[in-house]
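Here is how the chains run, residue by residue.
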Amino acid sequence: MTDTAAADLGFDPDALRRRYAVERAKRLRPEGKDQYLEVSGAYASFAEDRYAELPEREPIAQDVDALVIGGGFGGLLAGARLRQAGLANVRLVEKGGRIGGTWYWNQYPGAQCDIESYIYLPLLEELGVIPTERYARAPEILAHAQRIADHYDLTEGAVLGTEVTQARWADSEGRWIVTTNRGDRFAARFVVSATGPLHRPKLPGVGGIGEFGGHAFHTSRWDYAYTGGGPDGDLDKLDDVRVAVIGTGATAVQIVPHLGRAAAHLFVFQRTPSSVDVRGNRPTDPAWVAGLRPGWHRERVRNFNAILSGVPQEVDLVADGWTTLVDKLMEIYRNGRAGALDRPFEEVLELANFEKMEEIRARVDAEVEDPSVAEALKPYYKMFCKRPCFHDEYLATFNRSNVTLVDTGGRGVDRITRDGVVAGGTLHEVDCIIYATGFEVGTGYERRAGFQICGRNGRTLTEKWNDRGMRTLHGMLSAGYPNFFILGQSQAGWTANYTQLLDEATLHMAAIVGHLEAERLWTVEATPEAEDAWADEIVAHAVNGTGGIGGTDCTPGYYNNEGQPLDGPPWIASYGKGSVEYFRRTKAWRESGDWQGVTFTTR
Ligand code: NDP
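Residues numbered from 1 in each chain as written. Predicted model: local features only at pLDDT ≥ 70, side-chain atom pairs only at ≥ 80, totals over all residues. Heavy atoms only, no water.

1. A short note on the layout of surface pockets
At step 1: Empty space within the second largest pocket amounts to approximately 400 Å³.
At step 2: In terms of lining residues, the second largest pocket is bounded by 22 residues, among which Arg298, Val301, Arg302, Gln500 and Glu504 are the most central.
At step 3: Secondary-structure elements contributing two or more residues to the lining of the second largest pocket are α5 (117–120), α6 (124–127), α11 (296–308), α18 (498–518) and α20 (579–592).
At step 4: Counted by class, the lining of the second largest pocket contains 10 nonpolar, 6 polar and 6 charged residues. (1 Å grid on protein atoms, 1.4 Å probe; cavity = no way out; pocket = protein on both sides within 12 Å on 5 of 7 lines; lining within 4 Å. Points joined across faces, edges and corners; volume = space filled by probe spheres on them. Helix = DSSP H or I, 4+ residues; strand = E, 2+ residues; numbered from the N terminus. Nonpolar A, V, L, I, M, F, W, Y, C, P; charged D, E, K, R; others polar.)

This is the structure in structure tokens:
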């Protein structure tokens, strides 16, 4: 890159490339995802339900048509669609004390969807609902989850505050025997595993967590009895409390403004800064609602995903931080800025990415008064290496005199002591530590789901997948596990709007179940040949060697297996040709009626 070219661009790509590489190297850890502490044993209390009393009850023994494990949007959509497919007895089993999944657990102050609520919330047209704001807050989203459960008659039979411990296929009965931590025993013809991609909290892998003398909790188990207030903030018990927040991901970005307003002093311990773009929330415009036509919801969802997938659309219906970001990247390419026309596509995209991140970094300068604090808050990595964040108050919170950013230069906190948090060799004394350190990603499926899955001949899914890697058809069916449906992103289509995948996946599942019902068949499972072919295709088209959406050159994080190569080929990757093609292909498969790649049995 010549000086002139750098001057034309307004930044020096070579210098940025070098800086990104330096920042990445600072953060790489040989232990990868094993650096984190599992929330079990001595740390199990970090995962306890704080939101509901779980009364004693008698164990349940029952035959059901379908048992859906998980009461979040995945489980609710599965339940709704299984009912529509004609199954009478469908029960949800949910670990939390109420329906809601991630929106039950993440009741922290400021929790809000950051995908537009008009596309994030499922079944809006079916239920005749319009969210009150463009980015709805957690209580409204939780209420919508409950509304779905009520509408599809899933509330009464829901088994709450209960963890499934094992699902075992019993050939003699032609059913799954599902047991729970409350002594229940269900015999289920179908099992749907809808346990969610990010539900097992994790802690930083540092010493001393158990020695801390103050109060501590994870963001997904917010302790309002301690902080006061509620999901809207007003944390009125913190005015003489010194609080530490560890982590600066999407959750921290939402809680920090509330804690900054409430705490006597707030220390924010940062390892990697998030990219924080404009939020721009607003109440729903009644005139816009009046103009909506039937089919608007599905079309809006589709349009958003098409744009994010780089499929040109005549109109950008959502026009939010996500789509305009991609639009901007594409526009820079199309207009041939930065000498685009005589450069390879990848290089132009990289330049466009630099330009977008320069804008994000300039926003930090505009919002944060102290230049050294501003510098520390600037993300030096490519857009989409980490989850983009959107907030209008996060950055300015660091202008408050009671808020200190403790930047650890990519190293993370050193350790916890009885009195507080040590970073860079300095002890910061605090009364309360809030772990905003996220959730397990990339650990074994059964470990994350929380229960053992024993298929034909008692073989666990872990044993099967340890052998030759993850094997599924469409990310959903696995040979040897009849009538067992997995909802998730691995080997399926990746979407920023996760509920779209859940919606499509549950339509797919319901079409298969509907076929069984119509033809009086009893079981369905993938053939070994079909799942081998699907796994080969996943590996061949994996976007990068890590199986995540962040590239191998990205700053480590859960998008790229913490920057470490996977043990084997990237079997856990999402479908590499993108979700638009995945949805098209799975729809064509189920509509073709030839059911290639699965076998059916009768009873
Ligand atoms: P993340 O995994 O995104 O963030 C964890 C944070 O903890 C990171 O900043 C990480 O740093 C930091 N961390 C980990 N270990 C240490 C350590 N030893 N010392 C200091 N810091 C450490 O978790 P979140 O809960 O923020 O978000 C998880 C996901 O949930 C999001 O990516 C998003 O998909 C979803 N989410 C969605 C929201 C929405 O829709 N509104 C809101 C919130 C979350 P580093 O980056 O260096 O690893």
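2. Quick notes on a negative patch on the surface
At step 1: Negative charge collects at one region of the surface, where Asp232, Asp234, Asp236, Asp239 and Asp240 lie side by side.
At step 2: Considering the arrangement of structural elements, one finds Asp232 in the loop between α8 (224–227) and β9 (242–246). (Patch = residues over 30% accessible without salt bridge, like charges linked within 9 Å, V, L, I, M, F, W, Y side chains within 5 Å. Areas by Shrake-Rupley, 256 points an atom, 1.4 Å probe, with all protein chains shown as cover. Salt bridge = Lys/Arg side-chain N within 4 Å of Asp/Glu carboxyl O. Lys, Arg positive; Asp, Glu negative; His and termini not counted. Charge placed at Lys NZ, Arg CZ, Asp CG, Glu CD.)

3. As for the state of the cysteines
At step 1: Scanning the entire structure with this criterion turns up 1 disulfide.
At step 2: The disulfide partner of Cys385 is Cys554, and the gap between their sulfur atoms is 1.9 Å. Because the torsion about its S-S bond is -80°, the bridge between Cys385 and Cys554 counts as left-handed. Taken together, the residues Cys385 in the loop between α14 (371–376) and β12 (389–390) and Cys554 in the loop between α19 (528–541) and α20 connect sequence positions 169 residues apart. Like Cys385, the residue Cys554 is buried in the burial classification.
At step 3: Of all cysteine sulfurs, the one in Cys389 lies closest to Cys113, which takes part in no disulfide; the gap is 14 Å.
At step 4: Residue Cys113 is classed as buried on the basis of its relative accessible area, which comes to 2%. (Disulfide = S-S within 2.5 Å. Buried < 20%, exposed > 50% of the residue type's maximum accessible area, 1.4 Å probe, protein only.)

4. Brief notes about unusual backbone geometry
At step 1: Located in the positive-phi region is Leu123, a residue other than glycine, with phi close to 60°.
At step 2: On the basis of relative accessible area, Leu123 is assigned to the buried category, the value being 5%.
At step 3: Even without being a glycine, His474 presents a positive backbone phi close to 65°.
At step 4: Position of His474 relative to the elements: it lies in the loop between α17 (461–468) and β19 (484–486).
At step 5: For His474, a relative accessible area of 6% corresponds to the buried category.

5. Side note on the packing of α18 against α20
At step 1: In contact at an axis separation of 10 Å, α18 and α20 are set at 10° when each is read in the N-to-C sense. Taken as axis vectors, α18 and α20 run roughly parallel relative to one another. The hand of the α18/α20 crossing is left-handed. Every residue of α20 that contacts α18 at Gln500, Leu501, Glu504, Leu507, His508, Ala511 and Ile512 is listed here: Tyr582, Phe583, Thr586, Trp589 and Arg590.
At step 2: Taken together, the residues of the contact of α18 with α20 sort by class into 7 nonpolar, 3 polar and 2 charged. (Axes fitted to C-alpha atoms, helices over the stretch in contact; angles between N-to-C directions. Parallel < 35°, antiparallel > 145°, perpendicular 65-115°, else oblique. Left-handed = near helix turned anticlockwise from the far one by under 90°. Contact = heavy atoms within 4.5 Å.)

6. What about the packing of aromatic side chains?
At step 1: The final tally for this structure, using the stated rule, is 25 aromatic pairs.
At step 2: A ring pair is formed by Phe46 and Tyr435, whose centres lie 5.6 Å apart and whose planes are at 85°; its orientation type is edge-to-face. Of this pair, Phe46 sits in the loop between β1 (37–38) and β2 (61–69) while Tyr435 is found in strand β17 (residues 432–435), placing the two residues 389 residues apart along the sequence. As far as burial versus exposure is concerned, Phe46 and Tyr435 are alike and both buried.
At step 3: Aromatic rings pair up to connect Trp534, Tyr575, Tyr582 and Phe583 into one cluster.
At step 4: Above the plane of the ring of Trp522 lies Arg189, whose end atom (NZ or CZ) is 4.3 Å from the centre. (Phe/Tyr/Trp six-rings, centres within 6.5 Å; stacked < 30°, edge-to-face > 60°. Lys NZ or Arg CZ within 6 Å of the ring centre and 35° of its normal.)

7. A look at the site of the ligand
At step 1: In the vicinity of the ligand, 25 residues are found, and the nearest of them are Gln112, Thr251, Thr272, Lys386 and Tyr558.
At step 2: The separation between an oxygen atom of the ligand and a polar main-chain atom of Thr248 is 2.9 Å.
At step 3: In terms of residue class, the shell around the ligand is built from 11 nonpolar, 10 polar and 4 charged.
At step 4: Of the domains in this structure, domain 1 (61–200 + 441–522) and domain 2 (202–278 + 388–435) are the two that each give at least three residues to the shell around the ligand. (Near = heavy atom within 4 Å. Polar contact = N/O pair within 3.5 Å; in protein donor to acceptor, adjacent residues only side chain to side chain. Domains from an automatic or database assignment.)

8. A look at the sheet that holds β9
Either a parallel or an antiparallel arrangement is found when strands of a sheet pair, and the pairing is made through backbone hydrogen bonds.
At step 1: Taken together, 5 strands build an open sheet; the order of strands is β8-β17-β9-β10-β13 and the sheet is parallel. Each edge of the sheet is formed by a strand with only one pairing partner; in this case those strands are β8 (215–218) and β13 (403–407). The mean inter-strand angle of the sheet, taken between neighbouring strand axes irrespective of direction, is 15°.
At step 2: By the bridge criterion, 4 bridges tie β8 to β17 in an arrangement that is parallel. Within β17, the residue paired with Phe217 across the bridge is Ile434. (Pairing = 2+ DSSP bridges.)

9. Quick word on the domain arrangement of the protein
At step 1: As far as domains go, the protein holds domain 1 (61–200 + 441–522) and domain 2 (202–278 + 388–435).
At step 2: Averaged C-alpha coordinates put domain 1 and domain 2 at centres separated by 32 Å.
At step 3: A buried area of about 1300 Å², summed over both sides, lies between domain 1 and domain 2, and 51% of it is on carbon and sulfur atoms.
At step 4: A per-residue breakdown of the area domain 1 buries against domain 2 is headed by Trp105, Tyr108 and Pro109, which together make up 47% of the total.
At step 5: The tally of links between domain 1 and domain 2 comes to 0 salt bridges.
At step 6: At the surface where domain 1 touches domain 2, the tally comes to 4 residue pairs in polar contact (both at pLDDT 80 or more).
At step 7: For the side of domain 1 that touches domain 2, a count of residues per class yields 5 nonpolar, 4 polar and 4 charged. (Buried area = accessible area lost by both parts, 1.4 Å probe.)

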